[in-house]
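Fold and geometry: a report
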Amino acid sequence: MTVPPQLIDRLKSAQRVVVLTGAGVSAESGVPTFRDAQTGLWSKFNPEELATPRAFRRNPRLVWEWYEYRRKLVAEAKPNPAHTALAEMERLFPEFHLVTQNIDGLHQRAGSRNVVELHGNITRTKCFDEGTIVSNWTETGDVPPKCPNCGGLLRPDVVWFEEPMPEKETALAFRFGTNCDLFFSIGTSAVVFPAASLPFEALESGATVVEINLQSTPLTSKAHFVLAGPAGSVVPDLLKSLRI
Ligand code: OAD
């Protein structure tokens, strides 16, 4: 993809860059997105039955097993060129922050160091009752397994619907997003709040906003630059244009 020359100039003069990523960045690693018509998780499964505290209370085994299926998918997935290019971009700017809605940990596996995970991480487990992270437990065949500390049920350390966002990560994301000069929204449908308000807050605070996405979103008409295409090739092209 040819990167518009004005965007290359903005990239070369940028001091504080913030990137917000969504499931579209991991799509080319084989991790399903949520709302794509054919392949999205929410077109095959019902989030209310799987990704809420109520669903977990109602059927903890079903929810645990669904996340185990997704955990295995993520463990087999590899970072794609979009993840790798973002990890390299982190080192090219005086200040660079990566905020992700993804729970797959692929940014960190690609080498990104300071990643703000707004929706948690599927590779981490916590106690449903205490909220504390549990890194190992005795396998007793219980599904879900039990917390070694209080005997409560274990659950994935991800944000479910009807749950509050992690306070620290949310505050960080908005501090970065409203104090940057260049903001990228990559591979997200920009419909899940509060993450979806980040690009608009960046716009409000005077940042140049770039959207990289396959389909148009509520952000498309407001962004300064829209690069419609697969993140796995568009993001490396951006990086290449920086090198010239
Ligand atoms: P979505 O599935 O809502 O949106 C993914 C976006 O990526 C869509 O707009 C696609 O067009 C685009 N896309 C797909 N493949 C792409 C590719 N190869 N390159 C570039 N873009 C591509 O996923 P999110 O926006 O991440 O929250 O969803 C946000 C949140 O909603 C998720 O974090 C999750 C979900 O419910 C929770 O679970 C709390």
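So, a few notes on the structure that sits alongside this text. Bear in mind the structure is a predicted one, so any value in this text is a computation, not a measurement.

Examining the side chain of Ser241
One can find Ser241 in helix H10 (residues 231-243). Judged by relative accessible area, Ser241 falls into the buried class, the value being 4%. Of the polar contacts made by the side chain of Ser241, one reaches the backbone oxygen of Leu238; its length is 2.5 Å.

Digging into the layout of surface pockets
Here the largest pocket is characterised by a volume of approximately 980 Å³. Taken together, 49 residues line the largest pocket, and the ones lying closest to its centre are Gly22, Ala23, Thr33, Phe34 and Arg35. For the lining of the largest pocket, the elements supplying multiple residues, two or more each, are helix H2 (41-44), helix H5 (60-76) and strand S7 (208-213). The greatest single-element share of the lining of the largest pocket, amounting to four residues, is contributed by H5. For the lining of the largest pocket, the residue count by class is 26 nonpolar, 16 polar and seven charged. Volume-wise, the second largest pocket comes out at about 260 Å³. In terms of lining residues, the second largest pocket is bounded by 17 residues, among which Glu117, Gly120, Arg124, Pro166 and Glu169 are the most central. Elements represented by at least two residues in the lining of the second largest pocket include exactly strand S3 (115-117), strand S4 (120-127), strand S5 (154-158) and helix H8 (167-177). For the lining of the second largest pocket, a count of residues per class yields eight nonpolar, two polar and seven charged.

Quick notes on the pairing of strand S1 (residues 16-21)
In terms of burial, S1 is largely enclosed, as five of its six residues are buried. Of the pairings in the sheet, the one linking S1 to strand S2 (residues 95-100) comprises six bridges and is parallel in character. Note that in S2 the partner of Val19 across the bridge is Leu98. As paired elements, S1 and strand S6 (residues 182-186) share five bridges and run parallel to each other. Across the sheet, Val19 pairs through a bridge with Phe184, a residue of S6.

Cut-offs applied
- Residues numbered from 1 in each chain as written.
- Predicted model: local features only at pLDDT ≥ 70, side-chain atom pairs only at ≥ 80, totals over all residues.
- Heavy atoms only, no water.
- Helix = DSSP H or I, 4+ residues; strand = E, 2+ residues; numbered from the N terminus.
- Buried < 20%, exposed > 50% of the residue type's maximum accessible area, 1.4 Å probe, protein only.
- Polar contact = N/O pair within 3.5 Å; in protein donor to acceptor, adjacent residues only side chain to side chain.
- 1 Å grid on protein atoms, 1.4 Å probe; cavity = no way out; pocket = protein on both sides within 12 Å on 5 of 7 lines; lining within 4 Å.
- Points joined across faces, edges and corners; volume = space filled by probe spheres on them.
- Nonpolar A, V, L, I, M, F, W, Y, C, P; charged D, E, K, R; others polar.
- Pairing = 2+ DSSP bridges.

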